[in-house]
Amino acid sequence: MVIFIIFLFVNVFVTGVFMAVYGGKQSYSEGMLLGVHIPDYAARDADVDALMETYSKRTKWFYFINFLISAAICFLNFWYFSIFLIAWSLWLVELCGGAIWLLHGTHKKLYVLKMDRGWQADAKQISEDDDVYWKNGWYNNPNDKRLWVPDRFFPSNYSTNMAKPAGKIFTFGLLGGTMVLLLILFVVFLRADFTPRYLELRGNAAQISSPMSPITFELKDVKGFELLGKMPEGNFTRTNGLADDRQLVGKFQEKETGDYRMYVYKDCFPVLKIDLPGYTVLINSEKKGQTESWYRKLAERLPELAAGAE
C-alpha cells in the first residue's frame, strides 16, 4: 500500500508538472509564439488562432488521459512489481514523447505557416531570425560553435546543438544509456517476480537458489529450524534486495534479532525459519505443500534440531 501511495503521488505530480510546463497557455512574447518568430499582427491571424486552439484542446485531453492512466498503473503494484515497473516506464516515455510531440508538432506547423505567408519577424525585437535552425524541434546550426544553447521554449533550460558531433553523442548516448539501464532493471525485477526460490540439500550442505542473495550453508551450522504460521514480530529493514507488497527477497536487518536472509511471499504460509550463526533464513513457496516438504527433508537430516510446526 505504501508503494502504491508513493507512486500515485509521484505520477500525479509528474503529470501536473508536464502539464504546467508543456501544456500551459502559450502567449505571444518577445516576438515569438510557440518558439516561432512572427510579427504581432500574425499572432492574431485566424489560422494561427485555430492552430493554437487545436493545440490547447489536444493538450488538455492528453494530460487528462495521462492523469487517468498514471493512476490506473499504480494498481499493478498489487500484482507484480516488475509488470508495474515496465508499464510505469512505458507510460513515462509516452508522457515525455507525447508532450514533446504535441509541442514541437504545433511549432513546426506554425513555422510552415510563417514561411507560406512570408511573415517577417520584427527587427526591433530580435537581432536575428534563427527559426530555420529550430524547425525540426531541436537546434541544428552548423555555423554555431556552441554545444549548449538556451532552449527556444524554456530559456531557463539548455539544448544541445545537434549539428555538432558532440551534441549527437551526448543526446543519443544519454538516451541509449537510459534504455540500457531500464532494460537491466526490467530483467532484474522480472527474475525476482517469476523465478521460484528453492531449498535444496546437497551432501552436507544446503543451497537456496534465488535471483537475489542466493546462499549456501553447511548443515552442521544449523542451530534450529521450524515452521511459522506467521511472520516473526519485528521492524525489518531491507539492506539489499526487494521489498514490495507481494514479497520480501534479500538481506534484511531487525534491530533486536539481527540479520535475516528472506525469500518470502507475504501471503503464503507457513514460512520455514532456519537459524544460522550469522543470520536467520526465512523462506516459503507459492506451491502448496512445498515449504512443508523442505521442513521434512531437514527433519530427516537433522532430527535432533526439528521443532514442531506452529
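Just so it is clear, the structure is predicted and the values come from calculations on it, not from any experiment.

Engineer: What's the story with the state of the cysteines in this structure? I'm lost.
Structural biologist: Structurally, a disulfide amounts to a covalent bond that connects the sulfur atoms of two cysteines. This model, assessed by the stated rule, comprises zero disulfides. Residue Cys-96 stays outside any disulfide, its sulfur separated by 16 Å from that of Cys-74, the closest cysteine.

Engineer: Help me out: how do you make sense of the pattern of salt bridges in this one?
Structural biologist: Should the charged atoms of two oppositely charged side chains come close, the side chains can pair. Within this structure, the stated rule accounts for eight salt bridges. Arg-246 is the salt-bridge partner of Asp-193, the closest N and O atoms lying 3.3 Å from each other. Pair noted here: Asp-193 is in helix H4 (residues 165–194) and Arg-246 is in the loop between strand S9 (236–243) and strand S10 (247–254), with a separation of 53 residues, a long-range link. Accessibility assignment for this pair places Asp-193 and Arg-246 in one class, buried. For the salt bridge of Asp-221 with Lys-220, the shortest nitrogen-to-oxygen distance reads 3.6 Å. Exposure remark for Asp-221: the relative accessible area of 30% places this residue in the partly exposed category. For Lys-220, a relative accessible area of 70% corresponds to the exposed category. One network of salt bridges, in which partners are shared, links Asp-45, Asp-47 and Arg-117.

Engineer: Got a minute to help me understand the packing of helix H1 (residues 2–22) against helix H3 (residues 81–117) in this structure?
Structural biologist: When two helices pack together, their arrangement is captured by the angle between the axes and the distance separating the axes. Where H1 meets H3, the axes come as close as 11 Å, and the angle between the chain directions of the two elements is 10 degrees. Judged by the angle between their axes, H1 and H3 are roughly parallel. Side by side, H1 and H3 meet where Ile-3, Phe-7, Asn-11, Val-14, Thr-15, Phe-18 and Tyr-22 of the first sit next to Phe-81, Phe-84, Trp-88, Trp-91, Leu-92, Leu-95, Cys-96, Ala-99, Ile-100 and Leu-103 of the second.

Engineer: What exactly am I supposed to notice about the packing of aromatic side chains here?
Structural biologist: Here the distance between the centres and the angle between the planes together describe a pair of aromatic rings. Scanning the entire structure with this criterion turns up 16 aromatic pairs. With centroids separated by 5.0 Å and ring planes inclined at 80 degrees, the aromatic side chains of Phe-62 and Tyr-63 adopt a geometry described as edge-to-face. Look at Trp-134 and Tyr-139: their rings are 5.0 Å apart centre to centre, the planes differ by 45 degrees, and that puts the pair in the tilted class. Just as Trp-134 is buried, Tyr-139 falls in that class too.

Rules behind the numbers
As a convention, each chain's residues are numbered from 1 in the sequence order in which they are written. It should be noted that, the model being predicted, local features are given only for residues of pLDDT at least 70 and side-chain atom pairs only at 80 or more, the latter also being counted only at that level, while totals for whole chains, interfaces and linings use all residues. In computing side-chain properties, one takes all heavy atoms of the structure into account and sets aside hydrogens as well as water. Note on disulfides: each one is a pair of cysteine sulfur atoms within 2.5 Å. The term salt bridge refers to a pairing of a side-chain nitrogen on Lys or Arg with a carboxyl oxygen on Asp or Glu at a separation within 4 Å. Runs of E in the DSSP output that reach at least two residues are strands. Runs of H or I that reach at least four are helices, and both are numbered from the N terminus. For each residue, the accessible area found with a 1.4 Å probe, counting protein chains only, is set against the maximum for its type, and the residue is called buried under 20%, exposed over 50%, and partly exposed in between. Only the contacting stretch of a helix is used when fitting its axis, a line to C-alpha atoms as for every element, and angles between N-to-C directions run 0 to 180 degrees. When an angle is under 35 degrees it counts as roughly parallel; over 145 it counts as roughly antiparallel; between 65 and 115 it counts as roughly perpendicular; any other value is oblique. Contacts are assigned to residue pairs with any non-hydrogen atoms lying within 4.5 Å of each other. Pairing of aromatic side chains here covers Phe, Tyr and the six-membered ring of Trp, requires ring centres within 6.5 Å, and sorts the geometry by plane angle: under 30 degrees stacked, over 60 edge-to-face, intermediate tilted.

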